[in-house]
Amino acid sequence: MIKSEKEYKAILLRIEELLAGSDNIENPEAKGYVELNLLSDMVADYEEAHFPISPPTLSEAIKLRMHERGLTQKALSEFLGVSTSRISEYLNGKSEPTLKIAREISRKLDIEASIVLGV
């Protein structure tokens, strides 16, 4: 277990050294393979505890899906069956979708219900 940021940084440097040898990554028989895997797990645990990644907001999730699918606000409004001004309100965080529209956003844009509902 990593107990301080100083230890964390030292372990990151060691991981970089171990990554320099491709055998340590691919060959379970390599000298640094086990060490690299153990240190990587320790860093992952430390980062999860100290640098948590919060789920995206509804606005961020919608913007991402719009970008991924090449949708404009107008195209999205037609796709979801709501006005472009309502889409603008969702994107700016000025209003929340109704339960019916939230269901459509989740289903049609493949966004987790917990993000759409803000839970």
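Calculation rules
- Residues numbered from 1 in each chain as written.
- Predicted model: local features only at pLDDT ≥ 70, side-chain atom pairs only at ≥ 80, totals over all residues.
- Heavy atoms only, no water.
- Helix = DSSP H or I, 4+ residues; strand = E, 2+ residues; numbered from the N terminus.
- Rg over C-alpha atoms; globule rule 2.2 N^0.38 Å.
- Buried < 20%, exposed > 50% of the residue type's maximum accessible area, 1.4 Å probe, protein only.
- Patch = residues over 30% accessible without salt bridge, like charges linked within 9 Å, V, L, I, M, F, W, Y side chains within 5 Å.
- Areas by Shrake-Rupley, 256 points an atom, 1.4 Å probe, with all protein chains shown as cover.
- Salt bridge = Lys/Arg side-chain N within 4 Å of Asp/Glu carboxyl O.

Caption draft 1: Structural detail: the overall build of the protein. Within the protein, the regular secondary structure consists of eight helices and zero strands. Start at the N end of the protein and walk to the C end: the helices and strands fall as α-α-α-α-α-α-α-α. Computed over its C-alpha atoms, the radius of gyration of the protein comes to 22 Å, more than 25% above the 14 Å expected for a compact globule of 119 residues. Dimensions of the protein along its principal axes, counting C-alpha atoms only, are 60 × 30 × 20 Å. Within the protein, buried positions represent 30% of all 119 residues.

Caption draft 2: Region of interest: a nonpolar patch on the surface. Judged by side-chain polarity, Leu99, Leu117 and Val119 come together as a nonpolar surface patch covering roughly 340 Å² of accessible area. Relative to the helices and strands, Leu99 is located in helix H7 (residues 99-109).

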